[in-house]
Amino acid sequence: MKAHAIRNVFGIALLFAGLLFFASPADARPHLRVGVPMQGAAAIEQDAAGNLYSVPTDYAHAVANYAGYEVQFVPSTWDDCRTQLADGTIDVVAGVLPGTAGTEGMAFGRMPLGWQRGFFKDPQLPNEGNYRLHPLYYAVSSGNTALLAELDAAADRLMENRPGFYTMLEQVYADHGQRFGLHLSQREKDYLAPHPVIPVVVVAREQPFAYVDEDGTFQGTLRIFTDRIEQDLGVQVRVLPVPDFAAAEAELASGRAQVLLDNGWDLGWAQEHRLWFTAPFYVSNYTAVTRRESLPGSPIVAAVDNRTTARVLRSRYSDDQIRIYPTIVDCMKAVETREADITFVRQGTAQYQIFQGDFPDLVTDGTVAFSLEMASGVSMDAPMELLTILDKEIAYIGPEAISNAVARHDKASESSRSLSSIAYAYPQYVMLAVLTLFMLVVIFILNSITMRRTHVRDMVRLLDEDQATHMKNRAWFQRQVKAFIAARPQLAKDLAIVLIGVQRTDIFISTYGRDKLMEFLRQMAKALDDALWTECVATHGSVGEVIVLAHTEDMATLKKNLKEAFKQHEFANVGGIVVRVPLTAGIALIAPPLTPNEAIQRADFALHEAQDILVYDDAMLARAHLSSRIESLQEQALKREEFEVWYQPKYDIKTKKCVGAEALVRWRSEELGFLPPGKFIPLFERNGFISQLDFYNLEHVMRFQQDCRAKGLPVVPVSVNQSRVHMQEQGYLAKMRDLVMKYSTDGIALELTETAFDFTGAAQREHALAVIAALHGLGFRIDMDDFGSGYSDLSLLSYLPLDTMKIDRSLLLASEGSQRMRSVLQKVAELGHTLGMTVICEGIETASQERLLIRCGCEYGQGYLYGKPMPRKDFEAFLRAHA
Ligand code: C2E
Ligand code: MG
């Protein structure tokens, strides 16, 4: 667009150059002196060299050339133009609006040479009362008809030759100010320098367009214009707000104000009030405001005493239909109170007032009823420079800028309007929005309640659930028990806690996996929960234990119920194979004032001692206390060397010679006194401390052997008990190797019971065999301890290469009273021999037992008959006496 415009300017320059060339010689042509009023809407630009740029001047130039004249422009004021035309100093005035004040005695050309922007009542047009874009003409003195005819003929020729010429000029100058920037002439600059303040009066009675705030300061959309002037010109626009035009007039007349900030374009009115109008700087669009009902046929129109508005309205309505009110708000009130039926206000004002909610019964459809071009009026008493400066500024701002800014501002104030006004403006949308909001709030509340419930439920579930088994946990169980007792206190005495445990959970888990154990527990718990004699079931917390609240009319019935339950449920289905899961149970009555938790603890004591089903008694509590005491002292006992290794001799029962010994531990505790191994070994096996203790004992025995050899004392093989926990212990063999490296395995045997060996599967058997082989490799002999004490697994004997079979005392005792058992004892001894093992029997107390054993083929014996376990010192003496 810009390139296009520049091309046009270039074209025009060529055209003028051409015209000048052909009109030779220049001096030969008569001069045409054209007066140019340097104000008004034509926005005539004058450069530093005095050249003029505008549509009327360029057009006048072209017409004059066609008429054969050399143009000489005379920039001037409107008044001067008039007088100069009258006295013959100039021939033509360019850009005159016919019919306006001061045009008497002028004759106008036929062709317009520019358009006054804005709508005006044009008396020349047949349609009286119509307001149109007003054409500007050139004017000559009314007596100079010959010149007028010459110029009109030239204009006709120009039109014929160049029909698009005028349109082209319009295009060229459409954005003239913006294109060429704001260029003030020297005179204008000289004027501005000592006048940095432009005193302006404004009728401020219309919110949001122009109004006064609480501080009496001018506010409103119109400030966009004054701010822009200040910004561009570097001046201060001092705005004096007044309530009406009479007051504005007074301010202008007094000289306190030089500019009337805005007024609808009306040159006649301007003339009357001794004002020059600048070019319009924006278009005010007016809209109709009515009540919410149809208009009567001849509506009463409320209007302010704004002459322009009134003038527009008077062309549409009869005088008796128009009522004048001081302010726009008064007009709207009049419509609301039915004094009037309609009023016309600026669009922005209508929106603002109606949307404020102050006029709930008024409506506007927002369409433009009419538009007025607004211009500033500059006092004719002010220097002409002020007018030309403002004109240039308006051209510089551009025709649309202020209008656009006002529209934006109105939009912004609309968006900041009150809630009630929005409700008023769009009741249906607001209702919808309120309803939607309400629904959203309801949904939100419901949702948060649900979420809260779900959350609480999840929390409760988490708090009440055991994460491993997904069964109810002990905390939940305790609450249930309390609640049950609180609800039925009379039943409390008949309630018992039953703690059911899976034996050897470690074996089950390592064989079938933890998940299978959990599944088994869940199924068992469910079955128990369904039973009539139970109240509720949960997981206990220790792996493989289920806790039950059971009814106990008498203990025998409860035990019977439990046994039956065991029979039914002690089987797990593992991949289609039914596996027996041995169960034990501890029972404790909830005898008030015992708390459920205390009862659970008691059941726990019972369970830990139970081989089958065991009811709690107070001795268990004592034992439990002792256990916890032992546990608290075990570490320091080891450091203090409170554990003593005692030795019990082993005899060749035929020769009655001491052939060895068994090392048996004792604890001489500072706090607990002297303790036999039965008091602490089972506990140490449970808590794992046995591992350290066994190494401690073994090292003592190895050192004892070493010492005996060093001292030249008799040396007999000594067997050392090894707990079953070593079989699964990480690093057991490495530690054994370290000991062997330090001492020697010479004359050392390890006693292992059958339970040390896990023979449940091929892998376990392999493992047991590997450990035995490794121990053999280190030089240890391996004794099978307590053989025949339980249901001995004969495959174990055949599979593992063991060195000694140590027959348990229980088998010896059983053989004393039973021929059958004597046969068993004999066969067992034979089996041992068959497998290449040494056979020894323990617990021989009497000579008859010794004889029995000799008859059964047993070669070695250990028992009180030969010697009780004794401290090292005593055993050394014993050795010296018996070896
Ligand atoms: P065990 O290995 O079967 O030891 C034999 C037990 O029988 C010893 O009991 C011994 O004093 C006892 N005894 C020996 N002769 C007779 C007798 O003629 N009549 C009777 N009634 N009993 C007799 P003790 O010393 O109380 O040991 C008990 C168990 O403690 C041992 O049984 C063994 O399993 C364990 N134990 C002892 N010392 C250790 C040790 O250092 N490490 C490990 N892991 N266990 C040990
Ligand atoms: Mg033993």
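Rules of the game
- Residues numbered from 1 in each chain as written.
- Chains lettered and ligands numbered in written order.
- Predicted model: local features only at pLDDT ≥ 70, side-chain atom pairs only at ≥ 80, totals over all residues.
- Heavy atoms only, no water.
- Salt bridge = Lys/Arg side-chain N within 4 Å of Asp/Glu carboxyl O.
- Helix = DSSP H or I, 4+ residues; strand = E, 2+ residues; numbered from the N terminus.
- 1 Å grid on protein atoms, 1.4 Å probe; cavity = no way out; pocket = protein on both sides within 12 Å on 5 of 7 lines; lining within 4 Å.
- Points joined across faces, edges and corners; volume = space filled by probe spheres on them.
- Nonpolar A, V, L, I, M, F, W, Y, C, P; charged D, E, K, R; others polar.
- Phe/Tyr/Trp six-rings, centres within 6.5 Å; stacked < 30°, edge-to-face > 60°.
- Buried < 20%, exposed > 50% of the residue type's maximum accessible area, 1.4 Å probe, protein only.
- Lys NZ or Arg CZ within 6 Å of the ring centre and 35° of its normal.
- Pairing = 2+ DSSP bridges.
- Donors = N, O, S within 2.8 Å, 3.2 Å for Na, K, Ca; no water.
- Contact = heavy atoms within 4.5 Å.
- Axes fitted to C-alpha atoms, helices over the stretch in contact; angles between N-to-C directions.
- Parallel < 35°, antiparallel > 145°, perpendicular 65-115°, else oblique.
- Left-handed = near helix turned anticlockwise from the far one by under 90°.
- Expected span 1.5 Å × (residues − 1).
- Polar contact = N/O pair within 3.5 Å; in protein donor to acceptor, adjacent residues only side chain to side chain.
- Near = heavy atom within 4 Å.
- Areas by Shrake-Rupley, 256 points an atom, 1.4 Å probe, with all protein chains shown as cover.

A. Molecular detail of the pattern of salt bridges. Across all of its chains, the model carries 35 salt bridges by this definition. Its salt-bridge partner being Glu 642, residue Arg 640 comes within 2.7 Å of it at the nearest N-O pair. For Glu 699, the salt bridge goes to Arg 703, with nearest N and O atoms at 3.7 Å. Taken together, the positions of Glu 699 and Arg 703, both in helix α25 (residues 690-711) and 4 residues apart, correspond to about one turn of that helix.

B. Geometry of empty space enclosed by the protein. Tallied over the full model, the rule gives 9 cavities of 30 Å³ or more. Taken as a whole, the second largest cavity encloses approximately 180 Å³ of empty space. Forming the walls of the second largest cavity are 15 residues, and the residues nearest its centre are Val 203, Arg 205, Glu 206, Asn 306 and Arg 346. Split by residue class, the lining of the second largest cavity holds 9 nonpolar, 2 polar and 4 charged.

C. Structural context of the packing of aromatic side chains. Scanning the model with the defined rule gives 23 aromatic pairs in all. Geometrically, the ring pair formed by Phe 684 and Phe 689 is edge-to-face, given 4.7 Å between the ring centres and 75° between the ring planes. With respect to burial, Phe 684 and Phe 689 carry one shared label: buried. Counting every residue linked through ring pairs, the aromatic cluster contains Phe 643, Trp 667, Phe 680, Phe 684, Phe 689 and Tyr 696. The positively charged end of Arg 346 is found above the aromatic ring belonging to Phe 209, 3.5 Å away from the centroid. Of note, Lys 868 hangs over the ring of Tyr 864, and the distance from its end group to the ring centre comes to 4.6 Å.

D. Representation of the pairing of strand β15 (residues 282-291) within the structure. Among the 10 residues that make up β15, 8 are buried, leaving the element largely enclosed by the rest of the structure. Examined bridge by bridge, β15 and strand β20 (residues 370-379) share 5 bridges and lie antiparallel to one another. Residue pairing in the sheet places Tyr 286 in a bridge with Phe 370 of β20. Across 5 bridges, β15 lies against strand β18 (residues 342-346) in antiparallel orientation. Residue pairing in the sheet places Tyr 286 in a bridge with Arg 346 of β18. Pairing of β15 with strand β19 (residues 362-364), which is carried by 3 bridges, proceeds in the antiparallel orientation. Across the sheet, the residue bridging to Val 289 is Thr 364, located in β19.

E. Layout of the coordination of the magnesium ion (ligand 2). Within the protein, Glu 662 (OE), Asn 721 (OD1), Glu 751 (OE) and Asp 785 (OD) serve as the donor atoms for the magnesium ion (ligand 2), at 2.1 to 2.3 Å. Expressed as a motif, the donor residue spacing for the magnesium ion (ligand 2) is E-x58-N-x29-E-x33-D. Taken together, the residues span a long stretch of sequence, with Asn 721 in strand β31 (residues 718-721) and Glu 751 in strand β32 (residues 748-753) at a distance of 30 residues. On the basis of relative accessibility, which here comes to 1%, the residue Glu 751 falls in the buried class.

F. Representation of the environment of Ile 748 within the structure. As for its position among the elements, Ile 748 is in strand β32. With 46 residues separating them along the chain, Ile 748 and Met 702 place their C-alpha atoms 7.4 Å apart. Not counting chain neighbours up to four residues away, the residues in contact with Ile 748 comprise Leu 698, Val 701, Met 702, Gln 705, Val 718, Val 720, Gly 779, Phe 780 and Arg 781.

G. Quick peek at the packing of α25 against helix α32 (residues 872-882). Taken N-terminus to C-terminus, the directions of α25 and α32 make an angle of 45°; their axes are 13 Å apart at the nearest point. On the basis of their axis angle, the class for α25 and α32 is oblique. Judged by the sense of rotation from one axis to the other, the crossing of α25 with α32 is right-handed. Only Arg 872, Phe 875, Glu 876 and Leu 879 of α32 make contact with α25, whose side of the interface consists of Phe 704, Asp 707 and Lys 711. Classifying every residue of the contact of α25 with α32 by side-chain character gives 3 nonpolar, no polar and 4 charged.

H. Structural context of helix α18 (residues 474-487). The terminal C-alpha atoms of α18, which comprises 14 residues, lie 20 Å apart, in line with the 20 Å expected from a rise of 1.5 Å per residue. The residue sitting at the N-terminus of α18 and contributing the capping side-chain oxygen is Asn 473; that oxygen lies 3.3 Å from the backbone nitrogen of Ala 475.

I. Fine view of the packing of helix α8 (residues 223-233) against helix α14 (residues 384-397). In contact at an axis separation of 11 Å, α8 and α14 are set at 100° when each is read in the N-to-C sense. Classified by the interaxial angle, the pair formed by α8 and α14 is roughly perpendicular. Taking contact as the criterion, the partners of Phe 225, Arg 228, Ile 229, Asp 232 and Leu 233 in α8 are, on α14, Ile 389, Leu 390, Glu 393, Ile 394, Tyr 396 and Ile 397. Broken down by class, the residue content of the contact of α8 with α14 amounts to 8 nonpolar, no polar and 3 charged.

J. Looking closely at the site of ligand 1. The local shell around ligand 1 holds 23 residues, among which Gln 648, Asp 694, Asn 721, Asp 785 and Glu 845 are the closest. Gln 648 has a polar side-chain atom sitting 2.8 Å from a nitrogen atom of ligand 1. One nitrogen or oxygen atom from the side chain of Asn 721 is found 2.8 Å from an oxygen atom belonging to ligand 1. Starting from 790 Å² of accessible surface for ligand 1 in isolation, the protein chains cover 81%. If you list the elements that add at least two residues to the shell around ligand 1, you get β29 (657-669), α24 (677-687), α25 and β33 (781-787). For the shell around ligand 1, the leading source of residues is β29, giving 4 residues. Among the residues forming the shell around ligand 1, the class breakdown is 8 nonpolar, 6 polar and 9 charged.

K. Looking closely at unusual backbone geometry. Cis geometry is adopted by the peptide bond preceding Pro 208, which originates at Gln 207 and carries an omega value of 5°. A positive phi angle is found at Asp 786, which is not glycine, with a value near 55°. Structurally, the position occupied by Asp 786 is in strand β33.

L. Layout of the sheet that holds strand β26 (residues 583-589). Strand order in the open sheet formed by 5 strands is β22-β23-β21-β26-β27, with mixed pairing between adjacent strands. Edge positions in the open sheet fall to β22 (534-539) and β27 (613-615), since each of these has one partner strand only. Adjacent strand axes in the sheet meet at a mean angle of 20°, parallel and antiparallel pairs treated alike. As paired strands, β26 and β27 are joined by 3 bridges and run parallel to one another. Each residue of the ladder has a partner; that of Gly 586, found in β27, is Leu 614. On the sheet, α18 packs against β21 (495-502), β22 and β23 (545-551) and is oriented at approximately 160° with respect to β22. Seen against the sheet, helix α22 (residues 596-609) touches β21, β23, β26 and β27 and runs at an angle of roughly 145° to β26.

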